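Structural overview
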Amino acid sequence: MRLIALLILALFIVAGVVVGALNAGPVSYDLAFFQVTMPKGAGVLLALVIGWLLGGLTAWLGMSLRHRRVLRRTRPSNGKTPARA
Amino acid sequence: MSILYVLVLLVPAAFASGWFAARRAAVHRSGMRVSELSSDYFRGLNYLLNEEQDKAIEVFLKLAEYNRDTVETHLALGNLFRRRGEVDRAIRLHQHLVSRPGLSEAMKTVALLELGEDYMRAGLLDRAEALFSDLVAMNAHAPSALRHLVAIYQHERDWHKAIDHARRLEAMTGDDESPMIAQFYCELAEQARQHGARSEARDYLHQAFECQPDCVRAFMLTGRLHAEAGEHAEAVEAYEAAVGADIAFVPEILPPLLNSYARTGQMERAEHFLRDILARYNGISPVLALTKLYNQRDGERAGIEFLTSQLRQRPSVRGLMALIDATMDKIEGEARENFLILRDLTRKLLEGQAMYRCSRCGFGAKAHHWQCPSCKGWSTIRPIHGVANE
Ligand SMILES: [Zn+2]
């Protein structure tokens, strides 16, 4: 199982390197305040990383919020003050 | 095709992948596989309740391997090992648990207590003693630790320390341990008596009475001390008080009491006392004692008559044997042979019988013990009442 995952990962890395080499030309973005110019491959990679991080952050925030709510409900009299019923 | 079209497709996929990765990590960390775990846990519990300890151990071992954070699982497993007699495995498990870094103080003391019980089970009493003493000093699970310490000192027959710790236990829990402490003083008195230190023995008996004013054993020991000193009148008083304290011990008390009656020549008083017991107690011992008394005083015929009349009311193999022995001399010829066979048979019947039984755990014994060898309860072993016993 783990071996297959590693193989697929290697395949994607090779594909990424090949596609990046084939599209080496720079691309520039106008982000209103400033302009960035970078290779096309790097642009795609950056977008993917940012998307991945955002997804993780959203999931984590949602879960920790729910966790805190559950804790508050199950342990009402942890302190001195009783929870509102 | 512009690069933007590619991004429109790929970025949501990256977002979703990040989302799932985060959730998976969180589930792993906080043990949200509780449902999966607890199904295993309840399966193990089920095996335990059904006394299928092998399967329970298998499940709990898997559980402990699966989630190394569950101290409770380890504790349950150690307990199981100890109960099955695999003490060395239990010791290793609990030692591992105690030495584990990051264990909360409360859990560590629980593991220490378990480890002490392992040591006790393995017979490493000095190690167990040190451990329990530490726990008492730390004031962690002190009542349990004190109880174990008292058990250890009883085993080592170190009665002074046993008394000391039993009193501390009393002060801590508020439970009344005085009958047990009285027994410890009786043990001390018995030791002193065996070494010929009579006044020391009396001091201990005094303490025993202070703990438990109606301690049968202390009365019996008092009687024995007086009898050994030749003070038979006082011995009679003490033995009669012993019967008054607990009539169940009549078979133990009667032989020395009758001896003291004979030495003081108080046969009238003996008859009166035995008649009184006869009315309140339905064993065979007082009947046999009275038969002997009538034998000596009024002749054999009177003794046999009394015995036969009593045997109709309380059938007893021991009574039958006494009757056979008494009538043996009067019989000649073939009947005598048959009587001999009958006598051998009754003797064999009595030989295999346990005369005493623990009222707490059911342990059967041929001789009387003050402490049950099985459950270690004090004064729980009592004469069995039945046709073949008392
Ligand atoms: Zn017992």
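Per chain, the residues get numbers from 1 upward, laid out in the order the sequence is written. Chain letters start at A and ligand numbers start at 1, both assigned in the order the entries are written. Given that this is a predicted model, residues contribute local features only at a pLDDT of at least 70 and side-chain atom pairs are listed and counted only at 80 or more, while totals for whole chains, interfaces and linings are drawn from all residues. Only hydrogens and water are removed before side-chain values are computed, so all heavy atoms of the structure are retained for them.

Looking up chain B in an unreviewed UniProt entry gives the name Lipopolysaccharide assembly protein B, with the organism given as Frateuria flava. On record in UniProt, under Subcellular location (unreviewed entry), the comment for chain B is "Cell inner membrane". UniProt positions are given in the numbering used here, feature names are shortened, and annotations may be inferred rather than shown by experiment. Its UniProt record, at the heading Sequence similarities (unreviewed entry), says of chain B: "Belongs to the LapB family."

For chain A, the name recorded in an unreviewed UniProt entry is DUF1049 domain-containing protein, with Frateuria flava as its organism.

1. Some details on the overall build of chain B
Per the convention used, a helix needs a DSSP run of H or I reaching at least four residues, while a strand needs a run of E reaching at least two, with both numbered from the N terminus. Of regular secondary structure, chain B possesses 19 helices and three strands. Contacts in chain B between residues far apart in sequence, at least 24 positions, make up 49% of those at least 6 positions apart. Only the protein chains shown count as cover for residues, with accessible areas throughout obtained via the Shrake-Rupley method and a probe of 1.4 Å. Accessible surface, chain B: about 20,800 Å² in total, of which carbon and sulfur atoms supply 53%. By the convention used here, residues are in contact when the closest approach between their heavy atoms is within 4.5 Å.

2. What to know about the overall build of chain A
A tally of helices and strands in chain A yields two helices and two strands. The buried share of chain A, taken over its 85 residues, is 12%. For chain A, the exposed area adds up to about 7,400 Å²; of that, 72% sits on carbon and sulfur atoms. Burial here depends on accessible area, computed with a 1.4 Å probe over protein chains only, as a share of the maximum for the residue type. Under 20% is buried, over 50% is exposed, and the range in between is partly exposed.

3. Points about the pairing of strand 2 (residues 35-39) of chain A
All names here are of chain A. Two strands pair under a simple rule: DSSP has to find at least two bridges between them. Sheet analysis places strand 1 (residues 26-30) next to strand 2, joined by five bridges and oriented antiparallel. Within the sheet, the bridge partner assigned to Ser 28 lies in strand 2 and is Thr 37. In sequence, strand 1 turns back onto strand 2 through a hairpin of four residues, with Ala 32 there showing a positive phi of about 70 degrees.

4. Some points on the nonpolar core
Only buried residues count toward a nonpolar core. Its members are Ala, Val, Leu, Ile, Met, Phe, Trp, Tyr and Cys residues joined through side-chain atoms within 4.5 Å. Among the nonpolar cores identified, the biggest contains 82 residues, and Phe 132, Phe 184, Tyr 185, Ile 253, Leu 257 and Ile 277 of chain B are the most heavily contacted of them. With nine residues, helix 10 (residues 178-194) of chain B is the single largest residue contributor to this core.

5. Concerning the pattern of salt bridges
All names here are of chain B. Here, a salt bridge means any side-chain nitrogen of Lys or Arg that lies within 4 Å of a carboxyl oxygen of Asp or Glu. All chains considered together, the criterion is met by 20 salt bridges over all chains. Note that Arg 193 and Glu 190 form a salt bridge whose closest N and O atoms lie 2.8 Å from each other. Here Arg 193 pairs with Glu 190, and both are found in helix 10, just three residues apart, close to one helical turn. Judged by its relative accessible area of 12%, Arg 193 falls in the buried class. A salt bridge links Arg 343 to Asp 325, with the shortest nitrogen-to-oxygen separation between them at 3.3 Å. Taken as a pair, Arg 343 in helix 19 (residues 334-351) and Asp 325 in helix 18 (residues 317-327) lie far apart in primary sequence, 18 residues in all.

6. Side note on the UniProt feature "transmembrane region" (unreviewed entry) in chain A
Cross-referencing UniProt, the feature "transmembrane region" (unreviewed entry) maps to residues 44-65 of chain A in the present numbering. Overall, residues 44-65 of chain A shows 100% helix and 0% strand. The separation of its end C-alpha atoms is 32 Å.

7. Describing the interface of chain B and chain A
How big an interface is tends to be stated in terms of accessible area lost as the parts join. Taken together, the 13 residues of chain B in the interface contact 15 residues of chain A. Summed over both partners, the accessible surface that disappears when two parts come together, traced with a 1.4 Å probe, is what is meant by buried area. In total, chain B and chain A occlude about 1,300 Å² of area from one another, counting both sides; carbon and sulfur atoms represent 82% of this. Counting across the interface, chain B meets chain A through zero salt bridges. Any N or O atom pair separated by 3.5 Å or less is treated as a polar contact, with the protein-specific requirement of one donor-capable and one acceptor-capable atom, and with residues adjacent in sequence counted only for side-chain atom pairs. Summed over the shared surface of chain B and chain A, the result is one residue pair in polar contact (both at pLDDT 80 or more).

8. As for the coordination of the zinc ion
Residues and elements named next belong to chain B. Note that water is not among the atoms considered, so a metal site may appear incomplete; the donors listed are N, O and S atoms within 2.8 Å of the metal, with 3.2 Å applied to Na, K and Ca. The coordination sphere of the zinc ion, as far as protein atoms go, consists of Cys 358 (SG), Cys 361 (SG), Cys 372 (SG) and Cys 375 (SG), spread over 2.3 Å. The rule is simple: four donors are tetrahedral if all their angles sit between 85 and 135 degrees, four are square planar and six octahedral if opposite donors span more than 155 degrees and the others lie between 65 and 115, and anything that fits none of that is irregular. For the zinc ion, the four donor atoms in the first shell make angles of 107 to 113 degrees at the metal, so the coordination geometry reads as tetrahedral. Sequence spacing of the donor residues for the zinc ion, all on one chain, is C-x2-C-x10-C-x2-C. On the criterion of sequence distance, the pair formed by Cys 358 in strand 1 (residues 356-358) and Cys 375 in the loop between strand 2 (364-365) and strand 3 (381-383) is long-range, its members being 17 residues apart. For Cys 358, a relative accessible area of 3% translates into the label buried.

9. Description of the confidence of the model for chain A
Residue and element names in this part refer to chain A. Per-chain confidence: chain A averages 77 in pLDDT, with 82% of residues scoring 70 or above. pLDDT gives the predictor's per-residue confidence on a scale running from 0 to 100. When the elements of chain A are averaged for pLDDT, strand 1 gives the smallest value, 79, and helix 1 (residues 2-22) the largest, 87. Low pLDDT, under 50, characterises residues 76-85; the predicted model gives this stretch two contacts beyond four residues in sequence or across chains.

10. Re a nonpolar patch on the surface
Residues form patches when they are more than 30% accessible in relative terms and have no salt bridge. Like charges link within 9 Å. Nonpolar side chains (Val, Leu, Ile, Met, Phe, Trp, Tyr) link within 5 Å. Taken together, the side chains of Leu 46, Ile 50, Leu 54, Leu 57, Trp 60 and Leu 61 of chain A together with Phe 15, Trp 19 and Phe 20 of chain B make up a nonpolar region of the molecular surface, amounting to roughly 890 Å² of accessible area. When contributions to the nonpolar patch are tallied by element, the ones reaching two or more residues are helix 2 (40-74) of chain A together with helix 1 (3-30) of chain B. At six residues, helix 2 of chain A tops the list of elements feeding residues into the nonpolar patch. Looking at where Trp 60 of chain A falls in the secondary structure, it is placed in helix 2.

11. Overview of the layout of surface pockets
Using a probe with the size of a water molecule, rolled over the atoms, empty space left in the structure can be pinpointed. Residue and element names in this part refer to chain B. Empty space within the largest pocket amounts to approximately 990 Å³. A 1.4 Å probe that fits into a set of points on a 1 Å grid over the protein atoms alone but cannot get out defines a cavity; an open set with protein on both sides within 12 Å along at least five of seven lines defines a pocket, and lining residues are those with an atom within 4 Å of a point. In terms of lining, the largest pocket is formed by 38 residues, of which the most central are Gln 154, Gln 371, Lys 376, Gly 377 and Trp 378. Mapped by element, the contributors of at least two residues to the lining of the largest pocket are helix 6 (105-122), helix 8 (142-155), helix 9 (159-173), helix 10 and helix 12 (216-228). Nonpolar residues are Ala, Val, Leu, Ile, Met, Phe, Trp, Tyr, Cys and Pro. Charged residues are Asp, Glu, Lys and Arg, and all others, Gly as well, are polar. Of the residues that constitute the lining of the largest pocket, the class distribution is 16 nonpolar, nine polar and 13 charged. Grid points are joined across faces, edges and corners, and a volume is the space filled by probe spheres set on the points.

12. Comments concerning a positive patch on the surface
When charges are counted, neither His nor the chain ends are considered; positive counts come from Lys and Arg and negative counts from Asp and Glu. In plain terms, the charge of a residue is placed at NZ if it is Lys, CZ if Arg, CG if Asp and CD if Glu. Residues Arg 66, Arg 68, Arg 69 and Arg 72 of chain A together with Arg 23 of chain B make up a contiguous surface patch of positive charge. If one sorts the elements of the positive patch by residue count, helix 2 of chain A sits on top with four residues. Following the sequence through the fold, Arg 68 of chain A ends up in helix 2.

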